[in-house]
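# Working through the structure, step by step
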Amino acid sequence: MDFGAHIFGVGPLAEPETLAHVARRAEELGYHSVFLADHIIVPRHLASPYPYSRDGSFPYDPDLDWLDPMVALGYLAAHTTTIRLGTSITVVPMRHPIVTAKQIASADHLSRGRVIFGAGVGWLEEEFALLGASFHDRGRRMDEYLQLMKVLWTEEHPRFAGQYFQVEDCGFAPKPVQKPHVPVWVGGESPAALRRAARLGDGWHSAATSLADLPGKLRLLREALDGAGRKEAEFAISASPTDRLTLDLVHHFAAQGVRHLLAPVFSLDRDKVLQRLEHIATHVIAPYQRGGG
């Protein structure tokens, strides 16, 4: 089992020194990865329900500093050495796919091959509207955008003919350091998201799942992998537990086939983030690794 830490890049963790310090401390403590969240512009009045809170309310003030994760990846590439750097998740269909492909490839180049591209369709319709991006066909556009990105990342002379984008007679460089390309971990909890992960992803990255709900989601994922002719052994399964993260819980998730857990360390209090990193490293990660996990 690998362990990641979601540090968001929001509020106090948008401060350069704090963000770098937290990422370096996670690296020192043996975390596999740190992840950054994605919102470009936050509407003040929301009708869209937030899928990761019990009452559907969005828990962050729209005036909080919120770093662009693409820029933050490049910054952290210069301030860390070995830890993987990920997005959890990039809202793919609200961004221009060629620009996104360039940003991710550049971050992988600068970090010498340490980027994980967490990708999802998004939930905040009002944010799409402010960006002039279509919300209701975001699933179809995400599918095409991911396919286009892979062409740009892997082909010397990229050619792509889609519904939304056509590319030919161009160069695209640098290519990602990782081959064939940066790993794409598709996020989302819905059956459609699980099918998309199996079809187009190198992994599934759950933003929130309980131990009770995990077997049902994994059953759907494995059916989709089988239908896509994919092998689970070559596919990453990452989860962010909604249950309290304990050593026992880690063993239960591992027994289900999860190979990456995202630790809930983020807080709007810098010291709490560091305390949580230390606590989980001491009481969960180290004992699990000593036990051969």
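Note that this is a predicted model, so its numbers are computed, not measured.

### Describing the pattern of salt bridges
Per the counting criterion, the structure on display carries 13 salt bridges. Of the charged contacts, one joins E28 and R25 as a salt bridge, the two residues approaching to 2.9 Å between their closest N and O atoms. Within this pair, E28 and its partner R25 are both found in helix α1 (residues 16-28), separated by 3 residues, close to a single helical turn. Residue class for E28 comes out exposed when judged on its relative accessible area of 58%. The exposure class assigned to R25 is partly exposed, which follows from its relative accessible area of 23%. Ionic pairing is found between E278 and R25, a salt bridge with its closest N-O pair at 2.7 Å.

### Things to note about the environment of R159
Locating R159 in the fold gives a position in the loop between α5 (138-154) and β6 (160-161). The exposed category is assigned to R159, whose relative accessible area is 56%. Residues R159 and C170, spaced 11 residues apart in sequence, show a C-alpha to C-alpha distance of 8.2 Å. Residues contacting R159, with those up to four places away along its chain left out, are V151, V167 and E168.

### Structural notes on the pairing of strand β5 (residues 115-120)
Two faces, one strand: in a regular strand the side chains alternate between the faces of the sheet. Counting buried positions along β5 yields 6 of 6 residues, so the element is predominantly enclosed. The alternating pattern of β5 places V115, F117 and A119 and I116, G118 and G120 on opposite faces, both of which are buried. Examined bridge by bridge, strand β4 (residues 90-91) and β5 share 2 bridges and lie parallel to one another. The residue of β5 that forms the bridge with T90 is A119.

So, how was this worked out
- Residues numbered from 1 in each chain as written.
- Predicted model: local features only at pLDDT ≥ 70, side-chain atom pairs only at ≥ 80, totals over all residues.
- Heavy atoms only, no water.
- Salt bridge = Lys/Arg side-chain N within 4 Å of Asp/Glu carboxyl O.
- Helix = DSSP H or I, 4+ residues; strand = E, 2+ residues; numbered from the N terminus.
- Buried < 20%, exposed > 50% of the residue type's maximum accessible area, 1.4 Å probe, protein only.
- Contact = heavy atoms within 4.5 Å.
- Pairing = 2+ DSSP bridges.

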